[in-house]
Amino acid sequence: MTHRDRQDGRPDARCPVRPDAVPLYRDAAPPAGGARWADLRARFGPVAPVEISPGVPGWLLLGYHENLDVLRDTDRFTADPRHRARADHAAPSTPEPPGGPGTAALPADGAAHRRLRAPVVDALSRLGDPWLPRQIREITDRLVDSFAARGTADLITEYAAPLPALVLNRLFGLEDAYGRLLAGATATLSDPGADPETAARAARRLRGYVTGLVARRRARPGADLASWLLAHPAGLSDEEAAAELALFVTAGNEPTGHLIGNALRLLLADPDLAAGHRGGALTSAGLLDHVMWVDPPVPTLAGRFAVHDLRIGDADIRAGEALVLGFAPAHADPHVAGDSGAGFAGNRAHLMWGAGPHGCPARALAREIAAIAVETVADRLPDLALAVPAERLRWRGSYAVHGLMELPVRFPPTAAPEPEPAPRRRPVRRMAVNRAARARGARYHAPAAPEDPPAPAGEPAGGAGPAGPRRTGRPPRPASGARYHVPERRDGEAADPLTDLLADWRRSGER
């Protein structure tokens, strides 16, 4: 199909790849992003023609309201990559979940999307106080302990990057050794410099992790996110459950890590923000809102396709053409941003969590992880300072990811605090009475649980598990080995893929 130039001499917006299309795959300099968005807006209006990869066209949404409309309108825009254009204007290669399109909620729409999303939403709603914050604080403290006595650290690779995977692993009910395996795999997959063989090995490990987790929880359900996902009335197949868990890890791990890193960088580089946060005028929650407006970890996302031929601004977009959601440009839209500065603190109208049917179901969890991560560093390392000038910090060169390669810091060395003695166990009957007397409800409005079930053998035993319905008629299994020790296989016991995966990872020597 050919298209004539416009009568007014401007290029025809219907051309699949225009000579003035902006290449999103190169020349991505995140610190200069604000000026770049303003330039594109001045040239093209609310929608700009782009090349997502060489020869692959798309349309970048620059306006706040245009992004919001596309996120909400599932009649005209779809997340399903099976709608993408073919032939001479093929849309970008969209990563597919394990099992292909339709096995995970994100690249689906309509009834299929609602069925796949419901188990995730319901499982997350069962996480409650005080168990969740306590688990996150325990992990953040351990990470800080690992470098506190040294006086120097890289707060990306040693703290912000591994933290989300370690927390998710704990929520899946697995020993922390599996969390280190998961953190290593996700770090490799997000490393643009990883060689193909190393990246392929990390992808196999992630696949083995989620499929092994599903197999273990089918055989031995517990009070954890994976078990709740499998027990949902939607009746997910093993393949669907593995795809949801893989999406949960890959979609949430890197953005949350960079949200933490970007927040810590702003505190180190902006004395006014740091003073407000230190004095209590700026809460950690307010700081994160500010970061998501001015330093979002996901600036753009190629995740929608036009269902029909349609027009946005001056752009005529054909059915199947890709639309790139522009979160960073939307937040810089003068119609909504103005000159707010630090006034963005507490303003949650940003688009970082999406909107509409595909809005992030784990936003509360991600906020909790990021807020506690920032607070732990502020409390444990009050005299923290950048170890290099701010202008020498290295950024990821990508329009899709806005984050630092590393965040080197220095601080007065401190010894790790002595561990508190373990509390004495009380009789089960007395514990049940005391729990019943506590205030009910949870931070995320999850139903309160009258009593947390005992942890299965080989699972974390650090206090009660996530809030969930009381299980009766099942005695606790006898403890086996140390807290994070992987139990040895008994004679005649079926092979456990997760145990084998962990053993293989340990033999490889990778960390």
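Residues numbered from 1 in each chain as written. Predicted model: local features only at pLDDT ≥ 70, side-chain atom pairs only at ≥ 80, totals over all residues. Heavy atoms only, no water.

For the chain, the name recorded in an unreviewed UniProt entry is Cytochrome P450, with Marinactinospora rubrisoli as its organism.

Caption draft 1: Highlighting the nonpolar core. With 108 residues, the main nonpolar core has Y159, F172 and Y209 as its most contacted residues. When residues in this core are grouped by element, the largest group, 12 residues, is from helix α10 (residues 238-269). (Core = buried A, V, L, I, M, F, W, Y, C linked by side-chain atoms within 4.5 Å. Buried < 20%, exposed > 50% of the residue type's maximum accessible area, 1.4 Å probe, protein only. Helix = DSSP H or I, 4+ residues; strand = E, 2+ residues; numbered from the N terminus.)

Caption draft 2: Local environment of the sheet that holds strand β5 (residues 152-154). One open sheet holds the 3 strands; their spatial order is β5-β11-β10, and the pairing between them is antiparallel. In this open sheet, the two strands that pair with only one neighbour each are β5 and β10 (385-386). Judged from the 3 bridges that link them, β5 and strand β11 (residues 408-410) form a sheet pairing that is antiparallel. Note that in β11 the partner of A153 across the bridge is V409. (Pairing = 2+ DSSP bridges.)

Caption draft 3: Molecular detail of the pattern of salt bridges. One pass over the full model with this rule turns up 23 salt bridges. Between R170 and E138 there is a salt bridge, with its nearest N and O atoms 3.5 Å apart. Taken together, the residues span a long stretch of sequence, with R170 in helix α6 (residues 163-171) and E138 in helix α4 (residues 131-148) at a distance of 32 residues. Residues R170 and E138 agree in their burial class; the two are buried. Here D504 ties to R205 by a salt bridge, and the two come within 3.9 Å at their closest N and O atoms. Remark: R205 occurs in helix α8 (residues 196-219) and D504 occurs in helix α16 (residues 497-508); sequence separation between them is 299 residues. (Salt bridge = Lys/Arg side-chain N within 4 Å of Asp/Glu carboxyl O.)

Caption draft 4: The packing of α8 against α10, seen in detail. Between α8 and α10, the shortest axis-to-axis distance is 9 Å and the interhelical angle comes to 130°. Taken together, α8 and α10 sit at an angle that is classed as oblique. Seen from above, α8 lies across α10 with right-handed handedness. Residues L206, R207, V210, T211, L213, V214 and R218 of α8 lie in contact with α10, whose contacting residues are D238, A241, A242, L245, A246, V249 and T250. (Axes fitted to C-alpha atoms, helices over the stretch in contact; angles between N-to-C directions. Parallel < 35°, antiparallel > 145°, perpendicular 65-115°, else oblique. Left-handed = near helix turned anticlockwise from the far one by under 90°. Contact = heavy atoms within 4.5 Å.)

Caption draft 5: Quick look at the sheet that holds strand β1 (residues 22-23). Strands sit in the order β1-β2-β3-β9-β6-β4 across an open sheet of 6 strands; the sheet is mixed. Two strands in the sheet have a free side with no partner beyond their single neighbour: β1 and β4 (77-78). Of the pairings in the sheet, the one linking strand β6 (residues 300-306) to strand β9 (residues 322-326) comprises 5 bridges and is antiparallel in character. Considered in β9, the bridge of F305 is made with A322. Across the sheet, helix α2 (residues 64-72) is in contact with β3 (56-61), β4, β6 and β9; its angle to β9 comes to roughly 120°.

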